[in-house]
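These are the residues of each chain, in order.
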Amino acid sequence: MKFNKSRSLFIISVVSLLVIVAYVSSQPFVSTTVPAPSVLNEGKMRVENPEALEDAFFELSGLWDFYWARFIEPQTFYHSRTAVPASATVPDAYITAPSVWNTIIDTPAAKNGKGAATYHLRIENLKPNFRYAFFMFNKVITAANLYCNGKLVFSQGYASEKYTETVSRRSMNIAVLESDSAGVIDLVFHISNNAYRKGGMNGVLKLTEEKHLRRWFTLKFNYSFFYAGALLSVMIYHLSLFLLRKYDWTSFYFSLFSFAILIRGITADFSLVLFYLPDMPYGIDMKLEYTVMFMAPLFFMLHLSLLYDIDFKVNTPKSVIAKSIVYAGSVLGLAIWILPVRLANMLVIPSLCYFFLSFIVILIILFIELSQTTFEIFFLTVLSLLIGLVGTIHDVLAMQIIPVPYADMRFMSEIFIIFVLFQSLITAIRHENASTSIELLSANMQETNKSYMRFVPEQFLRLLNKDNIVDVDIGDYTVRNVTLLCADIRNFTPISEQLGCKGIFELLNACLSDIAPVIRKYGGFIEKYLGDCIVAVFPDNTPDIFRCAIEMQHKMLILKTDRPISLRIGIGIHYGKVVLGTTGSAERLSQIAVSEAVDTVITLETLTKTYDKKILVSSSAVNNTGALKAKEEFKFVKMDSSVLTEPLRDDIYALEMPDF
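The structure displayed is predicted, hence computed values, not measured ones.

## Some remarks on the pattern of salt bridges
Counting across every chain of the model gives 19 salt bridges. Where aspartate 186 meets arginine 122, a salt bridge forms, and the shortest distance between an N and an O atom there is 2.9 Å. With aspartate 186 in strand 13 (residues 185-193) and arginine 122 in strand 8 (residues 115-124), this pair connects stretches of sequence that are 64 residues apart. Both residues of the pair, aspartate 186 and arginine 122, count as buried. The closest approach of N and O atoms between glutamate 210 and arginine 214, which form a salt bridge, is 3.0 Å. One end of the pair is glutamate 210 and the other is arginine 214, both in helix 4 (residues 210-244) and 4 residues apart, which spans about a single turn. For arginine 214, a relative accessible area of 40% translates into the label partly exposed. Where salt bridges share partners, they join Glu51, Glu54, Lys127 and Glu209 into one cluster.

Below, the structure written as structure tokens:
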């Protein structure tokens, strides 16, 4: 059975998916949640089995006492043995957590999330004088103080009964709570908000023993580093592809897409950024989390547009949709980062709509484009997108406090890493296919070169003083001083990887079809073809070789191909003694030029990349072709040879291109 690399990558990806899914599925068991405590009455809960908190969490959903627009003194609750102390008056409402006061209080400010409130809940039947804990990240998104049995145990930002004085901040801290001798924890939250669109308790509060929470925190911390490291590796890999292949903008945009996912992963569910930068300004913290909503669709669409040749300059339905996604994402991104956070967070819902619409459009485009591709690529792409869509919908609904399964968990980080890894595997399959095409191209080019070498140019026959090719024998040669020209297509390998075999041949033929007549026009002939490189001989040693080089560069500027690829060539010109002759066998002849001059002209062409010049000329060529007599026509600029590790014997000049 023939070994198929694509199929092997496909199998690896499926196995990877199963491993990741198994890991994600294990997360609910890592942070096991036991049934909620019994609700005795409003503002009070009883833990039926406190021993279970050694390795599990209790969700404190309530009912919580809710006091609007006032901060009740925590000691008032703790020292009172009734559900509602007389001095606190009757609560404005009894609410579950998480919940926001936008839908509870009927005032304009509250409906916009602004305000201040006290939350109270007493938990009974815990272990006496024992340490319990909450993880507070994203439980309150603005400012809060948490009191346990009348003592302040956690503070986030600056919470004020005058909500306009609020200083918002998020925190990655753990709130440690110690029960009293009766096994009671009396919780009081003072929460205020003047910046976020929702006010109140945004996350599920989970109570557990302190030791268990710190073990869970360490596990979550290590997993977040694993997630960030995996995405960082993917981003660096694709960025390296871009840097090594200057035409590979698809890899560049995918690296930026991976960067967007990375930002989301280290700022949202478990913020490594806040862990290391706890004093980060609230506005920057929140905007970093919003970034993925506009940045991910924008750069993934740019990635797809190059991958599937979606030309933004042509107003086809597909290009118009692609441009709309890119432009809309750019506008949203600028607005989010320019506006203050109290206005920028109002764009979250429009950004989510943009995110989902873009996701659906990208899915449709991929369905259309992938109909002609291999099953492996089609399967991986569609599966990754569907998984991403389901996971994103779940997390968005959970963040909006809409009941969904596993509402206290967030899958978007795992989903995104699956998506990015699958896209990387797809890229690997594409590169493997491109590599196979290049191998086939190399084999075909060798066959093509064999065919070229069977034909000897007429100028070569004249140099050997032969009238007809049948008069040429093996070993015929002549020694002549000639001018040589070497031309090579720049960055041919990255270009060829974007094309199939047919596209590469069409490109080479289009290039050579334009170049060869120009060389003949100025009295030269192509002595050898070296893939995408040629060496030409100009026996007359006149300034025409410089005119030829300039016209060749001009031809490249106006070369028309079926693909949006601009070709550039480097040209080297040198004068020297060359042995021209024939070699081979009775069955096959080949013309050949042998001398140090041939190596020099090839080196000159290579140095065009070093000096970033289109045409480089040796001093021998300048002095022996009559170029100095045509000073008004040609402009030569001497190059600094000291930068070369192995300088040439001749001085090097750049032939400046005239304006066309």
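## Details of the packing of helix 8 (residues 317-338) against helix 10 (residues 348-369)
Where helix 8 contacts helix 10, the axes come no closer than 11 Å and their chain directions differ by 155°. Comparing the axis directions of helix 8 and helix 10 gives the class roughly antiparallel. Crossing handedness for the pair helix 8 and helix 10: left-handed. When helix 8 is examined against helix 10, the residues Lys318, Ile321, Ile325, Ala328, Gly329, Leu332 and Ile336 are found in contact with a partner set consisting of Pro350, Ser351, Tyr354, Ser358, Val361, Ile365 and Glu369. Class assignment for the residues of the contact of helix 8 with helix 10 results in 9 nonpolar, 3 polar and 2 charged.

## Points about the nonpolar core
Counting residues in each nonpolar core, the largest one holds 64 residues, and the members touching the most others are Phe135 and Met301. Apart from residues lying up to four places away in sequence, methionine 301 is in contact with Ile310, Ala322, Ile325, Val326, Ile362 and Ile365. Residues Ile495, Ile515, Ile565 and Leu567 belong to the second largest nonpolar core, which totals 41 residues.

## Description of unusual backbone geometry
Looking along the chain, the bond that leaves alanine 97 and enters proline 98 is cis, with omega of 5°. Backbone geometry at asparagine 129 places phi at a positive 50°, although glycine is not the residue there. Examined against the element boundaries, asparagine 129 turns out to sit in the loop between strand 8 and strand 9 (131-135).

## A few points about the packing of aromatic side chains
Tallying each qualifying case throughout the model produces 33 aromatic pairs. Consider the rings of phenylalanine 57 and tryptophan 216, whose centres lie 6.2 Å apart with planes at 75°: the pair is edge-to-face. Pair noted here: phenylalanine 57 is in strand 4 (residues 57-59) and tryptophan 216 is in helix 4, with a separation of 159 residues, a long-range link. With relative accessibility at 3%, the residue phenylalanine 57 sits in the buried group. A relative accessible area of 17% places tryptophan 216 in the buried class. When the ring of phenylalanine 135 is compared with that of phenylalanine 217, the centres are 5.6 Å apart and the planes differ by 75°; the resulting orientation is edge-to-face. Of this pair, phenylalanine 135 sits in strand 9 while phenylalanine 217 is found in helix 4, placing the two residues 82 residues apart along the sequence. Comparing phenylalanine 135 with phenylalanine 217 shows no difference in burial state: the two are buried. By the ring-pair criterion, three or more aromatic residues cluster together here, those being Phe57, Phe135, Phe137, Trp216, Phe217, Phe221, Phe225, Phe270, Phe275 and Tyr276. Looking at lysine 127, its charged tip hangs above the ring of phenylalanine 130, at a distance of 4.7 Å from the centre. Positioned over the ring face of phenylalanine 57 is lysine 206, at 5.8 Å from the centre of the ring.

## Re the environment of glutamate 527
Position of glutamate 527 relative to the elements: it lies in strand 17 (residues 525-530). For glutamate 527, a relative accessible area of 4% gives the class buried. Between the C-alpha atom of glutamate 527 and that of valine 537, which follows or precedes it by 10 residues, the distance is 6.3 Å.

Definitions and limits used
Residues numbered from 1 in each chain as written. Predicted model: local features only at pLDDT ≥ 70, side-chain atom pairs only at ≥ 80, totals over all residues. Heavy atoms only, no water. Salt bridge = Lys/Arg side-chain N within 4 Å of Asp/Glu carboxyl O. Helix = DSSP H or I, 4+ residues; strand = E, 2+ residues; numbered from the N terminus. Buried < 20%, exposed > 50% of the residue type's maximum accessible area, 1.4 Å probe, protein only. Axes fitted to C-alpha atoms, helices over the stretch in contact; angles between N-to-C directions. Parallel < 35°, antiparallel > 145°, perpendicular 65-115°, else oblique. Left-handed = near helix turned anticlockwise from the far one by under 90°. Contact = heavy atoms within 4.5 Å. Nonpolar A, V, L, I, M, F, W, Y, C, P; charged D, E, K, R; others polar. Core = buried A, V, L, I, M, F, W, Y, C linked by side-chain atoms within 4.5 Å. Phe/Tyr/Trp six-rings, centres within 6.5 Å; stacked < 30°, edge-to-face > 60°. Lys NZ or Arg CZ within 6 Å of the ring centre and 35° of its normal.

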